[in-house]
Amino acid sequence: MPAPPVAHHTSSKMRRKVAPAADPDAPDSSEKLDLLLLSSAVCNGEDLGPFVRKAFASGKPDTLLQHLRHFSRSKESEIEEVCRAHFEDFIRAVDDLRSLLSDVDSLKSALSHSNARLQSVAGPLLASLDSFIETRNVSRNAALALDAAGACARTADLCCRANAHLQAANFYLALKCLDALERDHLHDCPSSTFRRMLEKQIPAIRAHIERKINKEFGDWLVQIRVESRNLGQVAIGQASAARQREEELRIKQRQAEEQSRLSLRDCIYTLEEEEDEDPTVGHGDEPNDKLGAFGFDLTPLYRAYHINQTLGFQDRFKQYYFENRKLQLTSDFQVSSMTPFLESHQQFFAQIAGFFIVEDRILRTGGGLISKLEVENLWDIAVSKMCSVLEDQFSRMQTANHLLLIKDYVSLLGVTLRRYGYPVDPLLDVLSKHRDKYHELLLSDCRKLITDALTADKFEQMLMKKEYEYSMNVLSFQLQSSDIIPAFPYVAPFSSTVPDCCRIVRSFIEDSVSFLSYGGQLDFYDVVKKYLDRLLTEVLDSSLVKLINSSVHGVSQAMQVAANMAVMQRACDFFFRHAAQLSGLPLRMAERTRRQFPLKTARDAAEEHLAGLLKAKVDDFMLLTENINWMSDDHPPSGNEYANEVLIYLETLVSTAQQILPAEVLVRVLHGILTHISEKIVGVFLGDSVKKFNGSAVMGIDVDIKLFESFADNQAHLFEDSDSGLNQLRGALSEARQLVNLLMSNHPENFLNPVIREKNYNALDYKKVVIISEKFRDGSERLFGSFGTRGLKQNPKKKSLDALIRRLKDVS
């Protein structure tokens, strides 16, 4: 079916919808409505599918076909009218085109003729113009070529210089050439090939320079670790040498003070302190002055920093440097578990010391490569780690000498780094914190050494054959009793245990002072004195007491120990003086704080043990009192047998003891023995073996006591003050003497007089006097006996004594 005609005045966007014309012959009702709808759909270009489906669904396709034919017929008349109207216009247009075609042919002929004439006239002119233009272009191209060649020559020359600087490793000058190429030649380069080459090679050369300089910097980082360790060891070694010089200066100062104290006015001395110069600190501003002596070369670092500044990577390089150095420091903190810290601690601390010596130098001369705050942060990290390592290692160590070795090196590290302005107080605090542990370990070590020394003692006087032996064993501890050097061979009054123990104690003092010195505490004598007191009282004194109680059996051994204790008293004075000197305390101040003898317990135990052995010997002789005839008519004029035996023993004892025992010790021992003899004599009177005695027996005891008193008088050479000494020894026999005097008195009732008793009988006890007086009988049983004949006259002395006994019984 043909499409319906389209109206002439439809818009460009949308066609105008045309309503179908109504056919008068069309059917009515529903068919008419269907026809109208179909016509409308066809005119509007709508889909006719619904109409077709409806027709087939209703079974009336013929009706639909009929409607379509009807619509087609209605449009044929319209088509005819339109065609008739346009045909006339077409005829007129064809006529106009034919007229235009004739005009065009005329114009074409005129143009062809004009062109022929123009070509004939302008041909020679155009040939001349072409020749001129070609010549001018050649001249211009030649000038441009010359300019381009000159520019390329200058660029090539600059490139050659850049290559020469690269080959000579003058990276800064090479970079300057590259900057000039990029700034002045790259954009104006006439050769595109040359320009592309420069655009490609300039970044590549800069990258090459960056790689080379960073490689040099990396090699320097590796090398500086070894150099830092060597530098740290040298710096700490110089601090140790300076400390040694200070110690020597202190020794001279102490000697000068001692001479001044002894009023040696004719001794002229001067103390000169050499200025300690640090070779690790240069006097110039260059990176390498005196530091170069240790291989401490900062040139690669500063070169790399300068090149990175030139490349514009200054901040990146500073960060890169800080991070790498921080990583190096962190790796330096690693403590190998395979190597004992005692063997590796010097390298550990020397590495850290060298690291911060280098950083201090870079901080001062690096031109801002690293800031003070960054160095302080690194130091805080290092101090924290070193303190942690020290805490851990000190907690594991069980040997005092190991702690001392590490402490000494750490203190030297502190001295070294303090000179560069680094705060080292936390390290010193860790050392102070382990002060007690160190001294406990030191006391334990000394206890073992002292025990071994005492165990090895043979209780024999020490023989010295040479003067150096005397100096080593006597003078070095100020044990001499005289300033005169004795003749050799020399037999000392002490055994080998005395100098052995002195050496142990002196070593303890020196180790204690060494641990406490250079630890931030200036006055540490009180601390040294405290631990020295503990060593002497808790260790040496108790060990000596244990030795005396367990290993000393004979009189000779006990006498040797007592002699040793007397010498140790002088040694103890030396110990405290030595501690004061090493602590830097004047001797006059140390003497003000002098305390009592710290080995007093051992000294008393030694003397008591010796006295006990001697008393036991005396007791053996006192058994001879059983042979005394207590009711004899005559008394022995030369004393009883026991007294003579005791005297022989005492005289032998004195002759032997005064060669080894000091006088004051011998006096104390003799005083104890004589006191014991006096008590034994009184005990014999009190004992059950004596039922009764007479005046002859008392007179015999009086002779015995006079013998002992004569022996005491013969010891006057032992005393500086003979009168007081004699009175002291005689006083040991006072109880026996006063008892005999009372028994021999014609007026025993005077004992009841307080004044007379206090003056003459103050050592007597009431009860003992009563018991002994009751045993007193006259030899004839007539003078003092109460059982005689009633017609005989009673002895007045017996009467007085009986009255005394009754009065004493009443008092008691």
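Residues numbered from 1 in each chain as written. Predicted model: local features only at pLDDT ≥ 70, side-chain atom pairs only at ≥ 80, totals over all residues. Heavy atoms only, no water.

As annotated in an unreviewed UniProt entry, the protein is Exocyst complex component from Aristolochia fimbriata. Here the protein is described in UniProt, under the heading Subcellular location (unreviewed entry), as follows: "Cytoplasm, Cytosol". What the UniProt record of the protein gives under Function (unreviewed entry) is the line "Component of the exocyst complex involved in the docking of exocytic vesicles with fusion sites on the plasma membrane during regulated or polarized secretion. Involved in polarized cell growth and organ morphogenesis. During cytokinesis, involved in cell plate initiation, cell plate maturation and formation of new primary cell wall." (UniProt positions renumbered as here; feature names shortened; annotations may be inferred.)

So, on to the overall build of the protein. Looking only at helices and strands, the protein features 26 helices and two strands. The 812 residues of the protein split such that 40% are buried. Here the analysis covers contacts within the protein between residues at least 6 apart in sequence; of these, 77% occur between residues at least 24 apart. (Helix = DSSP H or I, 4+ residues; strand = E, 2+ residues; numbered from the N terminus. Buried < 20%, exposed > 50% of the residue type's maximum accessible area, 1.4 Å probe, protein only. Contact = heavy atoms within 4.5 Å.)

It is worth spelling out the pattern of salt bridges at this point. As enumerated under the stated definition, the model contains 19 salt bridges in all. Between Asp 533 and Lys 529 there is a salt bridge; the shortest N-O distance is 3.6 Å. You can see Asp 533 and its partner Lys 529 sitting in helix H15 (residues 525–551), four residues apart, about one turn around the helix. For Arg 737, the salt bridge goes to Glu 709, with nearest N and O atoms at 3.1 Å. Residue Arg 737 is found in helix H23 (residues 734–744), and its partner Glu 709 is found in helix H21 (residues 695–713); the two are separated by 28 residues along the sequence. Neither Arg 737 nor Glu 709 differs from the other in exposure class; each is buried. A cluster of three or more residues bridged by salt bridges with shared partners is formed by Asp 702, Lys 706, Glu 709 and Arg 737. (Salt bridge = Lys/Arg side-chain N within 4 Å of Asp/Glu carboxyl O.)

Residue Pro 489 is reached from Phe 488 by a cis peptide bond, and omega for that bond is 5°. The backbone phi angle of Phe 459 is positive, close to 55°, even though this residue is not glycine. Relative to the helices and strands, Phe 459 resides in the loop between helix H12 (435–455) and strand E1 (463–464). Its relative accessible area of 12% is what places Phe 459 among the buried residues. With a phi angle near 55°, Gln 478 is a residue other than glycine that sits in the positive phi range. The topology assignment puts Gln 478 in the loop between helix H13 (467–473) and strand E2 (490–491).

One can describe the packing of helix H18 (residues 600–622) onto helix H20 (residues 663–686) by two numbers: an axis separation of 9 Å at closest approach and a directional angle of 40°. Overall, the two elements H18 and H20 adopt an arrangement that is oblique. H18 and H20 meet at a crossing whose hand is right-handed. The residues of H20 that touch H18, namely those facing Arg 603, Glu 607, Leu 610, Leu 614, Lys 615, Val 618, Asp 619 and Met 622, are Val 665, Arg 668, Val 669, Gly 672, Ile 673, His 676, Ile 677, Lys 680 and Ile 681. By residue class, the composition of the contact of H18 with H20 is nine nonpolar, two polar and six charged. (Axes fitted to C-alpha atoms, helices over the stretch in contact; angles between N-to-C directions. Parallel < 35°, antiparallel > 145°, perpendicular 65-115°, else oblique. Left-handed = near helix turned anticlockwise from the far one by under 90°. Nonpolar A, V, L, I, M, F, W, Y, C, P; charged D, E, K, R; others polar.)

Here we come to helix H6 (residues 299–311). Relative to the 18 Å expected for 13 residues at 1.5 Å per residue, H6 spans 18 Å between its end C-alpha atoms, a close match to the ideal helical length. Listed in full, the buried residues belonging to H6 are Leu 301, Tyr 302, Ala 304, Tyr 305, Ile 307, Asn 308 and Leu 311. Gly 312, located one to two residues past H6, shows a positive phi value of around 90°. (Expected span 1.5 Å × (residues − 1).)

What follows deals with the confidence of the model for the protein. Confidence in the prediction of the protein, expressed as mean pLDDT, is 78, and 83% of residues score 70 or more. Mean pLDDT across the elements of the protein bottoms out in helix H26 (residues 796–811) (58) and peaks in helix H9 (residues 372–396) (89). Segment residues 1–22: pLDDT under 50, and 25 contacts once partners within four positions in sequence are set aside and those in other chains are kept. Across residues 261–293, confidence stays below pLDDT 50; counting only partners more than four residues off in sequence or on other chains, it has 55 contacts. (pLDDT = per-residue confidence, 0-100.)

With that settled, the discussion passes to the packing of aromatic side chains. Here the distance between the centres and the angle between the planes together describe a pair of aromatic rings. According to the stated counting rule, one finds 21 aromatic pairs in the structure shown. Seen from their ring centres, Phe 341 and Phe 349 are 6.1 Å apart, and the 80° between their planes marks the pair as edge-to-face. Accessibility classification places Phe 341 together with Phe 349 in one group, the buried group. When the ring of Phe 621 is compared with that of Tyr 649, the centres are 5.6 Å apart and the planes differ by 45°; the resulting orientation is tilted. One end of the pair, Phe 621, is in helix H18; the other, Tyr 649, is in helix H19 (residues 641–657), with 28 residues separating them in the sequence. Cluster of aromatic residues (ring-pair linked, three or more members): Phe 217, Trp 220, Tyr 305, Phe 317, Tyr 320 and Tyr 321. Positioned above the aromatic ring of Phe 313 is the side chain of Arg 316, whose terminal nitrogen or guanidinium carbon lies 4.1 Å from the ring centre. Taking NZ or CZ as reference, Lys 407 lies 6.0 Å from the ring centre of Phe 515, over its face. (Phe/Tyr/Trp six-rings, centres within 6.5 Å; stacked < 30°, edge-to-face > 60°. Lys NZ or Arg CZ within 6 Å of the ring centre and 35° of its normal.)

Another point: a nonpolar patch on the surface. A grouping of Leu 126, Leu 129, Phe 132 and Ile 133 is seen on the molecular surface, where their side chains present a nonpolar patch of about 360 Å² in accessible area. Looking at the secondary structure, you find Ile 133 in helix H3 (residues 61–167). Residue classification places Ile 133 among the partly exposed residues on the basis of a relative accessible area of 31%. (Patch = residues over 30% accessible without salt bridge, like charges linked within 9 Å, V, L, I, M, F, W, Y side chains within 5 Å. Areas by Shrake-Rupley, 256 points an atom, 1.4 Å probe, with all protein chains shown as cover.)

Across the interface, helix H8 (residues 341–365) lies against helix H10 (residues 400–418) with an axial gap of 10 Å and an inter-helix angle of 5°. Looking at the two axes, H8 sits roughly parallel to H10. Of the residues in H10, those in contact with Phe 341, Leu 342, His 345, Gln 346, Phe 349, Ala 350, Ala 353, Phe 356 and Ile 357 of H8 are His 402, Leu 405, Ile 406, Tyr 409, Val 410, Leu 413, Thr 416 and Leu 417.

To continue, consider the side chain of Asp 541. Take Asp 541: it is sitting in helix H15. Setting aside residues no more than four positions away along its own chain, Asp 541 makes contact with Leu 536, Pro 598, Leu 599, Lys 600, Thr 601 and Ala 602.

Let's shift gears to the environment of Leu 65. Structurally, the position occupied by Leu 65 is in helix H3. Taking relative accessible area as the criterion, Leu 65 reaches 39% and is therefore assigned partly exposed. Between the C-alpha atoms of Leu 65 and Ala 55, which are ten residues apart in sequence, the distance is 9.4 Å.

This part is about the environment of His 676. Mapped onto the fold, His 676 is located in helix H20. C-alpha separation for the pair His 676 and Leu 733, spaced 57 residues apart in sequence, amounts to 8.6 Å. Beyond its immediate stretch of four places on either side in the chain, His 676 contacts Lys 615, Val 618 and Asp 619.

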